[in-house]
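Examination of the molecular architecture
Chain by chain, the residues run as shown.
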Amino acid sequence: MARGQTGEAGRRKANGADGNAAAGKDELLKYYRDMLLIRRFEERAGQLYGMGLIGGFCHLYIGQEAIAVGVQAIKEPGDQVITGYRDHGHMLACGMDPREVMAELTGRAGGSSKGKGGSMHMFSTEADFYGGHGIVGGQVSLGAGLALANKYRNNGKVSFTYFGDGAANQGQVYESFNMAELWKLPVVFVIENNQYAMGTSIERSSSETRLHKRGVSFGIPGEEVDGMDVLAVRDAARKAAEHARSGQGPYILEMKTYRYRGHSMSDPAKYRTREEVDEVRKTRDPIDHVEELLEQHGWADEAALKAIDAEVKKIVADAAEFARTSPEPEPSELYTDVYTEAAQ
Ligand SMILES: Cc1ncc(C[n+]2csc(CCOP(=O)(O)OP(=O)(O)O)c2C)c(N)n1
Ligand SMILES: [Mg+2]
């Protein structure tokens, strides 16, 4: 396992032993439920894909749930989120309707992009979610642009711009870093380092694998975070957002995480062993971790946790049914919502 991946330090911190990361009962239960919703939603999406109800690309977020949920916990209304194609979990964390997200996956009119965007192209400005982008690293410049707009409007908002370890090697990331620091833009760059870019490990593709150091030559501070620990994510995100919001410019958070499933839906997975995946699932799972904390504190017993799971499963089953029965878009929709009137 890569540097910083042992998880033990993160676990101790999450237990509040060093006084940094703690959460009350309601908060912890909410993080648990929100992460479980993403997991069950993604499991169901995988099934629908297998049944032929979803076509094209479909990148599941299973294993990385603590990141979207932990950052969401400290976001203020109006703070933007923008990410790549591994986006379903972010949309759910932002509060988008699971029905609309699932129906977009099945290409139906009830989907959030009216069935014309699919897995990688969903947006909801009401939920402060700006996509959903298929060009690796492309969203980083757009996220810096959102931050530029925030600064220009002096609205006190922060852009949370997510990208992967593979995207971290794209040139435009560094053009964006330069301008973001030069103009002190309110942006938090969240790198979801899940150790792999499609079929390539970070060790094989990166000369410097400590991605939080990638901002050093621009003067952007960065830190490594246990991305499997929702409380560590939340606390690091709070600190980074305060930095950005108070006019000090961008901040980089490297979230150490892991994706359990294949890159997309067909993945021969020759680049890692089954044992490696099993080991992470067994020892570092972000949902199991919160479950342990809840039990340790006596805040939820097995029956209470099962009830949450049942409630979440019901939401997901309802979303899947909606996604299966919503009609396909009318041919007349082919040219609608392609362009938009620019605001004056
Ligand atoms: C500019 C560009 N190059 C290549 C691709 C093909 N591609 C899609 S995903 C991906 C890997 C990116 O990995 P990472 O940034 O680590 O994100 P993850 O899939 O792990 O979430 C590649 C190379 C693309 N979509 N866009
Ligand atoms: Mg990756």
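Note that this is a predicted model, so its numbers are computed, not measured. (Residues numbered from 1 in each chain as written. Chains lettered and ligands numbered in written order. Predicted model: local features only at pLDDT ≥ 70, side-chain atom pairs only at ≥ 80, totals over all residues.)

**Topic: the overall build of the protein chain**
Looking only at helices and strands, one finds 12 helices and 7 strands in the protein chain. Its C-alpha atoms give the protein chain a radius of gyration of 19 Å, within 12% of the compact-globule value 20 Å for 344 residues. Judged by the C-alpha coordinates and their principal axes, the protein chain covers about 55 × 55 × 40 Å. In the protein chain, buried positions account for 49% of the 344 residues. Excluding contacts between residues fewer than 6 apart, the proportion of contacts in the protein chain whose partners are at least 24 apart in sequence is 77%. (Helix = DSSP H or I, 4+ residues; strand = E, 2+ residues; numbered from the N terminus. Rg over C-alpha atoms; globule rule 2.2 N^0.38 Å. Buried ≥ 20, exposed ≤ 12 C-beta atoms within 10 Å, placed from the backbone. Contact = placed C-beta atoms within 7 Å.)

**Observations regarding the sheet that holds strand β3 (residues 187-193)**
Backbone-to-backbone hydrogen bonds join strands into a sheet, with any given pair of strands oriented parallel or antiparallel. Sheet architecture is open: 5 strands sit in the order β1-β2-β3-β7-β6, paired in parallel fashion. If you trace the sheet from one side to the other, it starts and ends with β1 (80-82) and β6 (222-226), each paired once. Here the average twist between neighbouring strands, direction ignored, is 20 degrees. Note that β3 and strand β7 (residues 251-256) share 6 bridges and pair parallel. When the sheet's bridge partners are listed, Glu-192 is paired in β7 with Met-255. Together, β1, β2 (159-164) and β3 form the strand contacts of helix α6 (residues 138-153), whose direction differs from that of β2 by roughly 170 degrees. (Pairing = 2+ DSSP bridges. Axes fitted to C-alpha atoms, helices over the stretch in contact; angles between N-to-C directions.)

**Describing the site of ligand 1**
Around ligand 1, 13 residues are found, and the nearest of them are Val-136, Gly-164, Gly-166, Ala-167 and Ala-197. Of the residues assigned to the shell around ligand 1, the class counts are 6 nonpolar, 5 polar and 2 charged. (Near = placed C-beta within 6 Å. Nonpolar A, V, L, I, M, F, W, Y, C, P; charged D, E, K, R; others polar.)

**Focus: helix α2 (residues 25-50)**
Here α2 is 26 residues long and its end C-alpha atoms lie 38 Å apart, about the 38 Å a rise of 1.5 Å per residue gives. Looking at the residues trailing α2, positive phi occurs at Gly-52, about 85 degrees. (Expected span 1.5 Å × (residues − 1).)

**Comments concerning the packing of α2 against helix α3 (residues 65-72)**
Where α2 meets α3, the axes come as close as 9 Å, and the angle between the chain directions of the two elements is 135 degrees. By the criterion of interaxial angle, the relationship of α2 to α3 is oblique. Like other packed secondary-structure pairs, α2 and α3 cross with a definite hand, here right-handed. Contact with α2, carried on its side by Tyr-31, Asp-34, Met-35, Ile-38 and Arg-39, involves Glu-65, Ala-66, Ala-68 and Val-69 of α3 and no other residues of that element. Residue composition of the contact of α2 with α3, by class: 6 nonpolar, no polar and 3 charged. (Parallel < 35°, antiparallel > 145°, perpendicular 65-115°, else oblique. Left-handed = near helix turned anticlockwise from the far one by under 90°.)

**So, helix α9 (residues 230-248)**
Helix length check: α9, at 19 residues, gives a terminal C-alpha distance of 25 Å against a target of 27 Å (1.5 Å per residue), a fit within 8%. Among all positions of α9, only Val-230, Leu-231, Ala-232, Val-233, Arg-234, Asp-235, Ala-236, Ala-237, Ala-240, Ala-241 and Ala-244 are buried. Looking one or two residues beyond α9, the residue adopting positive phi is Gly-249, at roughly 95 degrees.

**Let's talk about the packing of α2 against helix α12 (residues 302-325)**
Running from N to C, α2 and α12 point in directions that differ by 40 degrees, and their axes come no closer than 9 Å. In terms of axis orientation, α2 runs oblique to α12. When you trace α2 past α12, the crossing you get is right-handed. Residues Tyr-32, Arg-33, Leu-36, Leu-37, Arg-40, Phe-41, Arg-44 and Leu-48 of α2 pack against Ile-308, Asp-309, Val-312, Lys-313, Ile-315, Val-316 and Ala-320 of α12. Its residues placed into classes, the contact of α2 with α12 shows 10 nonpolar, no polar and 5 charged.

Geometric descriptors of this kind do not, in isolation, establish any biological role.
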